[in-house]
Amino acid sequence: MTAANTIAKTRTNTKTSVDTRAEVSRGAMISINTAGAVIGMWALASLVGGMVAAGGPVALVRAWFSAVGGM
(Lines give C-alpha, C1' and ligand atoms only; values in the text may rest on other atoms or scores of the structure.)
Protein backbone atom coordinates (compact mmCIF):
# COMPACT_ATOMS: atom_id res chain seq x y z
CA MET A 1 0.00 0.00 0.00
CA THR A 2 1.14 3.44 -0.76
CA ALA A 3 0.47 6.61 1.16
CA ALA A 4 -1.79 7.85 -1.64
CA ASN A 5 -4.17 4.90 -1.22
CA THR A 6 -4.53 5.24 2.55
CA ILE A 7 -7.55 7.22 3.70
CA ALA A 8 -7.97 8.16 7.32
CA LYS A 9 -11.41 8.93 8.64
CA THR A 10 -12.05 10.36 12.04
CA ARG A 11 -15.52 10.47 13.54
CA THR A 12 -16.46 12.36 16.61
CA ASN A 13 -19.84 11.96 18.16
CA THR A 14 -20.85 14.20 21.03
CA LYS A 15 -24.20 14.17 22.71
CA THR A 16 -25.39 16.31 25.55
CA SER A 17 -28.22 15.46 27.84
CA VAL A 18 -28.99 19.11 28.63
CA ASP A 19 -30.88 21.24 26.12
CA THR A 20 -28.87 24.45 25.81
CA ARG A 21 -31.42 26.35 23.74
CA ALA A 22 -33.32 29.05 25.58
CA GLU A 23 -37.02 29.15 24.96
CA VAL A 24 -39.10 32.17 25.84
CA SER A 25 -42.84 32.04 25.61
CA ARG A 26 -44.70 34.53 23.48
CA GLY A 27 -46.62 35.82 26.49
CA ALA A 28 -43.42 36.60 28.36
CA MET A 29 -42.04 38.52 25.38
CA ILE A 30 -45.25 40.55 25.07
CA SER A 31 -45.19 41.33 28.80
CA ILE A 32 -41.58 42.47 28.77
CA ASN A 33 -42.04 44.59 25.66
CA THR A 34 -45.22 46.15 27.05
CA ALA A 35 -43.51 47.03 30.33
CA GLY A 36 -40.64 48.63 28.41
CA ALA A 37 -43.04 50.64 26.26
CA VAL A 38 -44.97 51.89 29.29
CA ILE A 39 -41.75 52.94 31.04
CA GLY A 40 -40.56 54.72 27.90
CA MET A 41 -43.85 56.61 27.50
CA TRP A 42 -43.75 57.61 31.19
CA ALA A 43 -40.21 58.95 30.76
CA LEU A 44 -41.17 60.91 27.66
CA ALA A 45 -44.23 62.37 29.37
CA SER A 46 -42.10 63.38 32.37
CA LEU A 47 -39.54 65.06 30.12
CA VAL A 48 -42.22 67.00 28.24
CA GLY A 49 -43.88 67.98 31.53
CA GLY A 50 -40.56 69.20 32.89
CA MET A 51 -39.92 71.28 29.79
CA VAL A 52 -43.38 72.85 30.02
CA ALA A 53 -42.95 73.66 33.73
CA ALA A 54 -39.43 75.06 33.29
CA GLY A 55 -40.28 77.17 30.25
CA GLY A 56 -38.58 75.20 27.48
CA PRO A 57 -35.70 72.80 26.92
CA VAL A 58 -32.95 75.35 27.59
CA ALA A 59 -34.58 76.43 30.84
CA LEU A 60 -34.99 72.76 31.82
CA VAL A 61 -31.29 72.06 31.32
CA ARG A 62 -30.37 75.23 33.21
CA ALA A 63 -32.69 74.25 36.08
CA TRP A 64 -31.25 70.72 36.13
CA PHE A 65 -27.68 71.99 36.40
CA SER A 66 -28.81 74.39 39.10
CA ALA A 67 -30.42 71.58 41.08
CA VAL A 68 -27.48 69.20 40.71
CA GLY A 69 -24.89 71.89 41.38
CA GLY A 70 -26.78 73.26 44.38
CA MET A 71 -26.74 76.81 43.15
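Let me sum up the structure you'll find in this document. Keep in mind it's a predicted model, so treat the numbers as computed, not measured. (Residues numbered from 1 in each chain as written. Predicted model: local features only at pLDDT ≥ 70, side-chain atom pairs only at ≥ 80, totals over all residues. Heavy atoms only, no water.)

## As for the overall build of the protein chain
Assigned secondary structure in the protein chain consists of two helices and zero strands. Relative to its full complement of 71 residues, the protein chain shows a buried share of 1%. Carbon together with sulfur atoms contributes 65% to the accessible area of the protein chain, which is approximately 6900 Å² in total. (Helix = DSSP H or I, 4+ residues; strand = E, 2+ residues; numbered from the N terminus. Buried < 20%, exposed > 50% of the residue type's maximum accessible area, 1.4 Å probe, protein only. Areas by Shrake-Rupley, 256 points an atom, 1.4 Å probe, with all protein chains shown as cover.)

## Describing a nonpolar patch on the surface
Taken together, the side chains of L44, L47, V48 and V52 define a hydrophobic patch exposed on the protein surface, amounting to about 380 Å² of accessible area. Mapped onto the secondary structure, L47 falls in helix α1 (residues 26–54). (Patch = residues over 30% accessible without salt bridge, like charges linked within 9 Å, V, L, I, M, F, W, Y side chains within 5 Å. Salt bridge = Lys/Arg side-chain N within 4 Å of Asp/Glu carboxyl O.)

## A short note on the environment of M51
Turning to its location among the elements, M51 is positioned in helix α1. For M51, a relative accessible area of 25% translates into the label partly exposed. In this structure, the C-alpha to C-alpha distance between M51 and V61, residues 10 residues apart in sequence, is 8.8 Å. In contact with M51, other than residues within four places in its own chain, are G56, P57 and L60. (Contact = heavy atoms within 4.5 Å.)

## Details of the packing of aromatic side chains
Tallying each qualifying case throughout the model produces one aromatic pair. Here W64 and F65 contribute two aromatic rings whose centre-to-centre distance is 5.0 Å and whose plane-to-plane angle is 80 degrees, an arrangement assigned as edge-to-face. Of the two residues, W64 and F65, both sit in the exposed class. (Phe/Tyr/Trp six-rings, centres within 6.5 Å; stacked < 30°, edge-to-face > 60°.)

## Comments concerning helix α2 (residues 57–69)
Here α2 contains 13 residues, and its C-alpha end-to-end distance of 18 Å stays within 8% of the 18 Å for a straight helix at 1.5 Å per residue. Within α2, only zero of the 13 residues are buried, which leaves the element largely exposed. (Expected span 1.5 Å × (residues − 1).)

## With respect to the packing of α1 against α2
Think of two packed helices as two axes; the pair is described by the angle between the axes and how far apart they sit. Put simply, α1 and α2 touch, their axes get as near as 8 Å, and they point 90 degrees apart. In terms of orientation, α1 lies roughly perpendicular with respect to α2. Contacts between α1 and α2 involve L47, G50, M51 and A54 from the former and P57, A59 and L60 from the latter. (Axes fitted to C-alpha atoms, helices over the stretch in contact; angles between N-to-C directions. Parallel < 35°, antiparallel > 145°, perpendicular 65-115°, else oblique.)

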